[in-house]
Number of protein chains: 2
Amino acid sequence: MVLTTAEENYLKAIYHLSDGGTKSVSTNDVAAQIKTKAASVSDMLRKLGEKEVIEYRKYYGVNITEEGKKRALQTIRKHRLWEVFLVDKLQFAWDEVHEVAEELEHIQSPLLIQRLDEFLNYPKFDPHGDPIPDEFGDVRARPRVALIEMDIDQSGQIVAVKDSSAAFLKYLDKVGAYIGARIKVLDKVEFDGSMEILVDQKKTLFMSKDVAANILAIQS
Amino acid sequence: MVLTTAEENYLKAIYHLSDGGTKSVSTNDVAAQIKTKAASVSDMLRKLGEKEVIEYRKYYGVNITEEGKKRALQTIRKHRLWEVFLVDKLQFAWDEVHEVAEELEHIQSPLLIQRLDEFLNYPKFDPHGDPIPDEFGDVRARPRVALIEMDIDQSGQIVAVKDSSAAFLKYLDKVGAYIGARIKVLDKVEFDGSMEILVDQKKTLFMSKDVAANILAIQS
DNA sequence: TTACGGTTTTAGTCTTGACTAAAAATAAAA
DNA sequence: TTTTATTTTTAGTCAAGACTAAAACCGTAA
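Each value, and the rule that gives it
Residues numbered from 1 in each chain as written. Chains lettered and ligands numbered in written order. Predicted model: local features only at pLDDT ≥ 70, side-chain atom pairs only at ≥ 80, totals over all residues. Heavy atoms only, no water. Least-squares fit on C-alpha atoms with pLDDT ≥ 70 in both. Contact = heavy atoms within 4.5 Å. Phe/Tyr/Trp six-rings, centres within 6.5 Å; stacked < 30°, edge-to-face > 60°. Helix = DSSP H or I, 4+ residues; strand = E, 2+ residues; numbered from the N terminus. Buried < 20%, exposed > 50% of the residue type's maximum accessible area, 1.4 Å probe, protein only. Polar contact = N/O pair within 3.5 Å; in protein donor to acceptor, adjacent residues only side chain to side chain. Axes fitted to C-alpha atoms, helices over the stretch in contact; angles between N-to-C directions. Parallel < 35°, antiparallel > 145°, perpendicular 65-115°, else oblique. Left-handed = near helix turned anticlockwise from the far one by under 90°. Nonpolar A, V, L, I, M, F, W, Y, C, P; charged D, E, K, R; others polar. Pairing = 2+ DSSP bridges. Domains from an automatic or database assignment.

Superposition of chain A onto chain B requires a rotation of 180° combined with a translation of 0.1 Å along the rotation axis, giving an RMSD of 0.4 Å. Given the turn and translation reported, the copies of this chain are related as if by a two-fold rotation axis. Residue Leu104 of chain A of chain A places its C-alpha closer to the rotation axis than any other residue of that unit, at 3.8 Å. A share of 100% of the interface residues of chain A reappears at the interface of chain B, consistent with the copies meeting face to face through the same patch.

Following this line, the structure appears as structure tokens:
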């Protein structure tokens, strides 16, 4: 059973909105996500229901089925692999990749994706730090570690903060350590626990133990 | 002015059928090329005429305009660059690339194509030996040389034959030296002018001076 | 229990790009 | 010059995927 580009996009949106299939999703939410009108969504949900990739009860929102989840993860896998390709091989910046990957993810060729995965050396995370599902749709849980726990020379990416107070976020923004930033530990000072961090391969940043303990990263 | 995927495909077909814009093309020819019906073509020609990428006179076929030629060459450029990518980077065989490239060529991103070109090191020919237009649509004329003229260790691709008699073509087919085959000169025998040729990186072929003089190749 | 506001669905329309069947135009033959 | 064969166009449909407007439904508050 083949899905159109539009159907793939709906399914992906539903997957994301449902937190990987754990919650049910309303028509309006899908409409907002896809940037379309609720009426169009109703129509599409009926079709996706017939194809059995979602379970659709009129007026009660949708739940994604196992088959649907598998399909959505395939699309997400393709999207993220292309993002890695664009950043690692074609020197795109991360904020430039999304739209292009949004188009590339709909290319139909299992061989292409298999070979691309191989060419990229089987990456586990995309440039935003999101995990890349394997060909069976399995997603490795992403272990998050406090920046303070990372060793010298380790690379990674900032994915979240523990203390999300406005003041702290403002500080992060000011020094350029935004969510998504790729970082590398250059040095750790034994004396006060402070760290020297390379951000986006160009900017060096000094941060106190307290700051470094509040930032969560994934290692790569 | 933006062209849809379907419009790009029509334009490309017209470009090819018109021999690069030198001949006019009939509705039926386009229908055969696109594998669609003449009625559908009529409709599309009207639309392409309004967009001024072709000159359309009812019942008298179409001529591609300068603007249309430029657009067609952009699409051809994208197609051929992707083919190079698939063969050179993803280890596709040259007869596996066409369909996938047919999808990839419609991805809209000038930056993507510019970076891809750079990543592939500005290739001048695709895996079938067809020239890749530059970003302005200029196509470098492809210098063809008789196989017999090539030096040892030179690589290239068979693009045509001088003597296209059935007997000769049959012979070529039998030994596996088809049009499009990638070849490399392994050895030239001074004594009788015969050559040893590596075909598609796997098969070694011995051919007489007379045969080698009848085969035209491009060098790469 | 009924009324109301918000959500969702239905009904009907539009555009793109395909189709078939029929009409019209051109080209070739008598 | 008229007839005939071929090509091309028009007219009318269809499916996908969007839209608007109107109707139907749900949950909550009176």
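Now for the packing of aromatic side chains. Given two aromatic rings, their pairing is described by the distance between the two centres and the angle made by the two planes. Residue and element names in this part refer to chain A. Under the counting rule described, the total for this entry stands at 7 aromatic pairs over all chains. Centre to centre, the rings of Trp82 and Phe85 are 5.6 Å apart; their planes meet at 80°, and the pair counts as edge-to-face. Of this pair, Trp82 and Phe85 both sit in helix α4 (residues 66-89), 3 residues apart, which is roughly one turn of the helix. Among the residues examined, Trp82 registers a relative accessible area of 0% and is labelled buried. Note on Phe85: relative accessible area 0%, which makes it buried.

Attention now goes to the side chain of Arg77 of chain B. Turning to its location among the elements, Arg77 of chain B is positioned in helix α4 (residues 66-89). One polar contact links the side chain of Arg77 of chain B to the main-chain carbonyl oxygen of Pro133 of chain B, over a distance of 3.0 Å.

Residues and elements named next belong to chain A. Two elements in contact, α4 and helix α5 (residues 97-104), have axes whose closest approach is 9 Å; the angle formed by their N-to-C orientations is 130°. Taken together, the axis directions place α4 and α5 in an arrangement best described as oblique. For α4 against α5, the interelement crossing comes out right-handed. When α4 is examined against α5, the residues His79, Trp82, Glu83, Leu86 and Val87 are found in contact with a partner set consisting of Val97, His98, Val100, Ala101, Glu102 and Leu104. Per-class residue counts for the contact of α4 with α5 are 7 nonpolar, 2 polar and 2 charged.

Residues and elements named next belong to chain A. For strand β4 (residues 155-161), the tally of buried residues reaches 6 of 7 residues, placing the bulk of the element in the interior. Here β4 runs beside strand β5 (residues 182-188); their pairing, made up of 3 bridges, is antiparallel. Among the inter-strand pairings, Ser155 is bridged to a residue of β5, identified as Lys184. Both β4 and strand β8 (residues 215-219) contribute to a ladder of 5 bridges, which runs antiparallel. Note on β8: the bridge partner recorded for Ile158 is Ala217.

In this section: the domain arrangement of chain A. Once the domains are mapped, chain A shows domain 1 (5-64), domain 2 (68-119) and domain 3 (144-219). In this structure, domain 1 of chain A and domain 3 of chain A have C-alpha centres spaced 38 Å apart.

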